[in-house]
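Below are the chains, spelled out letter by letter.
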Amino acid sequence: MQSIAENDLGTPPSLSTVQVTLQIDGCEITVPAGTSLMRAAALADLKIPKLCATDQLEAFGSCRLCLVQIEGVKGFPAACTTPVAAGMKVSTQNAELARLRRGVMELYISDHPLDCLTCPANGHCELQDMAGAVGLREVRYGYAGANHLDAAKDESNPYFTFDPAKCIVCSRCVRACDEQQGTFALTIAGRGFQSVVAPSQGDPFMDSECVSCGACVQACPTATLSEKSLIDKGQAEHSVVTTCAYCGVGCSFRAEMRGEELVRMVPNKDGHANHGHSCVKGRFAMGYATHPDRIMKPMIRASINDPWQEVSWEVAIGHAASELRRIQSQYGRDSIGGITSSRCTNEETYLVQKLVRAGFGNNNVDTCARVCHSPTGYGLKQTLGESAGTQTFDSVMASDVIVVIGANPTDAHPVFASQMKRRLRQGAKLIIADPRRIDLVRTPHIEADYHLALRPGTNVALINSLAHVVVREGLVKEEFVRARCEIESFEKWRSFVAEERNSPEAMAAVTGIPAEAVRGAARMYATAGNGAIYYGLGVTEHSQGSTMVMGIANLAMATGNVGREGVGVNPLRGQNNVQGSCDMGSFPHEFPGYRHVSDDAVRARFEALWKVKLLAEPGLRIPNMFEAALDGGFKGLYIEGEDIAQSDPNTQHVTASLTAMECIIVQDLFLNETAKYAHVFLPGSSFLEKDGTFTNAERRISPVRRVTLPKSGYADWEITQLLANALGLEMKYAHPSEIMDEIAALTPTFTGVSFAKLDRLGSIQWPCNDQHPEGTPTMHVDTFVRGKGRFLVTEYVPTTEKVNVRYPLILTTGRILSQYNVGAQTRRTENVMWHDEDRLELHPHDAEERGVQEGDWVGVQSRAGETVLRAQITDRVQPGVVYTTFHFPESGANVITTENSDWATNCPEYKVTAVQVTRVTQPSAWQRRHSEFDRRQQALLDQAVHAGAGEGVGEPAG
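Residues numbered from 1 in each chain as written. Predicted model: local features only at pLDDT ≥ 70, side-chain atom pairs only at ≥ 80, totals over all residues. Heavy atoms only, no water.

## Here we look at the overall build of the protein
To keep it simple, the criterion reads: A run of DSSP states H or I qualifies as a helix once it reaches four residues; a run of E qualifies as a strand once it reaches two. Both are numbered from the N-terminal end. Radius of gyration means the value over C-alpha atoms here, while the globule rule gives 2.2 Å times the residue count to the 0.38 power. Three labels apply to residues, based on accessible area from a 1.4 Å probe with only protein chains included: buried if under 20% of the type maximum, exposed if over 50%, partly exposed otherwise in between. When checking whether two residues touch, look at their non-hydrogen atoms; a contact exists if any pair is within 4.5 Å. Accessibility throughout is a Shrake-Rupley quantity obtained with a 1.4 Å probe, and a residue counts as covered only by protein chains that appear here. Only four residue types enter the tally: Lys and Arg on the positive side, Asp and Glu on the negative side, with His and both chain ends excluded. Here the site of a charge means NZ on Lys, CZ on Arg, CG on Asp, or CD on Glu.
Per the secondary structure count, the protein includes 30 helices and 37 strands. Taking 958 residues into account, the globule formula puts the C-alpha radius of gyration at 30 Å, and the protein, at 29 Å, falls close to it. For the C-alpha atoms alone, the extent of the protein along its principal axes is close to 90 × 75 × 65 Å. Among the 958 residues that make up the protein, the fraction classed as buried is 63%. Considering only residue pairs separated by 6 or more positions, the protein has 73% of its internal contacts joining residues 24 or more positions apart. When the accessible surface of the protein is split by element, carbon and sulfur atoms take 51% of a total near 34,000 Å². Averaging the locations of the 91 positively and 111 negatively charged side chains of the protein gives two centres separated by 3 Å.

And the structure:
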């Protein structure tokens, strides 16, 4: 538990290694050269009044409240914009400075409402604080003249208000939007007394380019920009630092609380992944945690056609355990399995895979990473030796060329995208490979040097043609390769990519990219100095996803772009703990730490600690579970925090498999699409209700700390422990810290990790062990994890999912800023004001051919199925390509995706589906069936009756 206020030193730190000594108010102070007088004073605990200054933004010098006096210097310079100098003697307090500051403050207050007692900022208003600090006791100017006190409020944004009557035009909000977020949505319109803050061209916030990241609200020193939750609930009385449960950036937040009630989420300035920045989801979209749809009591039923029965925890856990044992007795040991979640903590995920291996007695455990980044794990392990990215997010600030492949950072990883944009504005070059024109291609003050708009499904052809240029034009970093890589594998790879069939000219007919653009991009990356590659699901979710990951690693090694700041191979993980769920042993063939179950020595270590014999054969992957269910051999499934009925491809195949099972146990917050097929529902806990850790896309292990009690009685790790004990697998953890201690004892990359160390350091990037006791920011610095880097031949094999006369278009899928994954959380927040349905993006040429207008309903038919979406006509997509998101279950985006998958990992090929699009006037047959099924399941939930003993139902047992 922490205090609310964060210490603000006024201006950002200087990175200089040169030290300068000066005197401030008679105190001798030594600070780095380039430090402002304001920051130097603050470091010595000397307070200089300020309004326009904050250590999150560059100094601006507009408020004139921080004036100081310097011996030998005329006038009164601003402390925020004046750098220190050796021998300087500075006075921050004297009679003349006090007179000047009071005069400035008097002018501010003369055009400001005096409603402090009822103002939402009362108690944390910097204007109020500074009026006291300068000793203001009267305002001589009165209110009879011109003022802004009647300016109308802008209430259009669902999360914050804009009250221009309270604005002091300090420009902090404008600068935060420019410097931190990089959207440039705000400006100061007018001159002199007419100056006002204006979104876009004076539009309401909701109609402007504002992305509601909250940076302006955070920067505002008054109540001009205020969270509506703060207005409604009042000031918080304590805060707890925790980690966001949305995307893979892993932002650190201070959850500000009034008792058990969350007032607001404030980005933590000390957060190592976000440095005090945030996005609309992490900052504001928390309403799902208390949404009325949330289920708080355990439920059971015999059939999915029966009403749910609310029961006690003891009954629910006992019933679940009994059913699992019955199924194994009837159908065999391998007839049940479990699926872990990338939204749960490392500790919870670890317990689920332990339950499956040691409790179920098989290795039938898998995770949602199967359908997103499993090719990353495989491809990077084969080439570099470790199944994770190589850098920190901060590393991008040292990049000279940034390559973005199959990723849309501004929508899917917005806080990191803001940092990337900052580096691009400083002059780094940008290469984008994406079939769609993502925002980064052209955004304020940024334009990609190359946009390689390849055809979906041709990634490997593109990476081979880029490598061809590097090899044939002598751009290989021979010294690096000879010292760091397997020469035999390199020579084999070099001979392969040098073949003329891999040239940009030969591949142009395949990729659709002009050869000269490919050659220019290859030269830029190879000769830049520091070249960094960032990639997303547009790389992995293909039939050659693993091949492409290996191709990216090949290119990085060949150009020497591994093992230092500013370079690397960087997968942008989609969910908050995708990396962690893989680290924790969620795949059926690997224990925690990516060690194969067939390794006798590794298995012996787990057997000794778990006190049970473990299987040496890999278990079933998720697609294998589905097939086995349809074949009659797989009958029971424990699912913690995943919605496979919405997220996995070929929805009709998935739901048929779920229907074939006899006991599905879903542990979640809501009755999601999968839970509608369940027989046991165990109400889970949100990230606000638990302790543990998440691991983000940069291998950063960050603390998740409980800010409120679990609303259903138990945290998720406790529920898994209850089930394990009911099945006869003893678990006696008292706290998640004990689970992490066990993880550290069994996992070499986590050996040095503990909750105590996380509390001390804030976060840790694995490997954390005796060699790296405080973690490893950059991987593969002197040598690769596997010893020598290995090049692998990446033959381009066209996908079998091809267009033809019947299905002439290619559908690809992705995400949007305001929604998250299957939307279970964000659909239950005000974020639906930005995006309330999935739409189909269609190029104007393809729309005209089909007589489709903006907003028309269109049928989208594939070999797997058909759904209906509303058309959005845009040239962001190229002719022959259509695009949609998958955040709303009724859209049925995955009804039309096929079971085509990556050759190595079974990761589905979401990014390439051949479809036809036609105008229609009614929902598809699947959507009508889904609507009826959903209505029926909701009715069965509403009919839930107590089967337990009245008053104690839903409370912790015993």
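## Notes on helix α2 (residues 95-110)
This is how the line gets drawn: Helix span is expected to be 1.5 Å times the residue number reduced by one. Side-chain atoms alone can form a polar contact between residues adjacent in sequence; in general such a contact is a pair of N or O atoms within 3.5 Å, and within protein one must be able to donate a hydrogen while the other accepts it.
With 16 residues, α2 extends 22 Å between its outermost C-alpha atoms, agreeing within 8% with the 22 Å of an ideal straight helix rising 1.5 Å per residue. Burial in α2 covers these residues: L97, R101, V104, M105, E106, Y108, I109 and S110. On its buried face, α2 is in contact with β3 (69-70), β4 (89-91) and α3 (126-133). The residue sitting at the N-terminus of α2 and contributing the capping side-chain oxygen is N94; that oxygen lies 3.2 Å from the backbone nitrogen of E96.

## Quick word on the sheet that holds strand β36 (residues 913-919)
Rules: For two strands to be treated as a pair, DSSP must find at least two bridges joining them. Helix axes are fitted to C-alpha atoms over the stretch in contact, other axes to C-alpha atoms as well, and angles between N-to-C directions run from 0 to 180 degrees.
Around the barrel, 6 strands lie side by side as β31-β35-β32-β34-β33-β36; this closed barrel has mixed pairing. Pairwise comparison of adjacent strand axes, ignoring direction, gives a mean angle of 45° for this sheet. Across 5 bridges, strand β33 (residues 857-862) lies against β36 in antiparallel orientation. Paired with Q861 across the two strands is Q916, which belongs to β36.

## Regarding the sheet that holds strand β22 (residues 569-571)
If you walk across this open sheet you meet the 5 strands as β20-β17-β16-β21-β22, and the pairing is parallel. Taken across any chain shown, the strands that pair with only one partner, and hence form the sheet edges, are β20 (450-452) and β22. The mean angle between the axes of side-by-side strands here comes to 15°, regardless of whether they run parallel or antiparallel. One ladder, built from 5 bridges, connects strand β16 (residues 401-405) with strand β17 (residues 429-433); its direction is parallel. Opposite V403, over in β17, you have I431 as the bridge partner.

## Considering the pairing of strand β7 (residues 196-199)
Of the pairings in the sheet, the one linking strand β6 (residues 186-189) to β7 comprises 4 bridges and is antiparallel in character. Bridging across to β7, A189 finds its partner in V196. In this structure, the hairpin formed by β6 and β7 is closed by a connection of 6 residues, where G190 is found at a positive phi of approximately 85°.

## Considerations on the nonpolar core
Quick note on the threshold: Here, nonpolar core means buried Ala, Val, Leu, Ile, Met, Phe, Trp, Tyr and Cys residues that are tied together by side-chain atoms lying within 4.5 Å of each other.
L225, I402, M420 and L430 are the most contacted members of the largest nonpolar core, which has 68 residues in total. Leave out the neighbours within four places in its chain, and I402 touches V396, M420, R423, L424, A428, K429, L430, I431, A532 and Y534. Core analysis: the next-biggest nonpolar cluster, separate from the first, contains 60 residues, I327, V578, L727 and F755 among them.

## Some points on the confidence of the model for the protein
Note the threshold: Every residue gets a pLDDT, meaning the predictor's confidence in that residue, from 0 to 100.
In the predicted model, the protein carries a mean pLDDT of 95, and the fraction of residues at 70 or more is 98%. Contacts from residues 947-958, a stretch scored under 50 in pLDDT, to residues over four places away or in other chains number 25 contacts.

## Some words on empty space enclosed by the protein
What counts is decided by this rule: Using a 1 Å grid laid over the protein atoms alone, points where a 1.4 Å probe fits but cannot get out form a cavity; open sets with protein on both sides within 12 Å along at least 5 of 7 lines form a pocket; any residue with an atom within 4 Å of a point counts as lining. Grid points are joined across faces, edges and corners, and a volume is the space filled by probe spheres set on the points. Classification convention: Asp, Glu, Lys, Arg as charged; Ala, Val, Leu, Ile, Met, Phe, Trp, Tyr, Cys, Pro as nonpolar; all other residues, Gly among them, as polar.
Considering all chains together, one arrives at 10 cavities of 30 Å³ or more under this definition. Size it by volume and the largest cavity reaches roughly 410 Å³. Lining the largest cavity we find 27 residues, and of these G406, A407, G538, T813 and K911 sit closest to its centre. Broken down by class, the residue content of the lining of the largest cavity amounts to 11 nonpolar, 12 polar and 4 charged. A volume near 250 Å³ is recorded for the second largest cavity. In terms of lining residues, the second largest cavity is bounded by 21 residues, among which R343, G641, D668, L669 and S685 are the most central.

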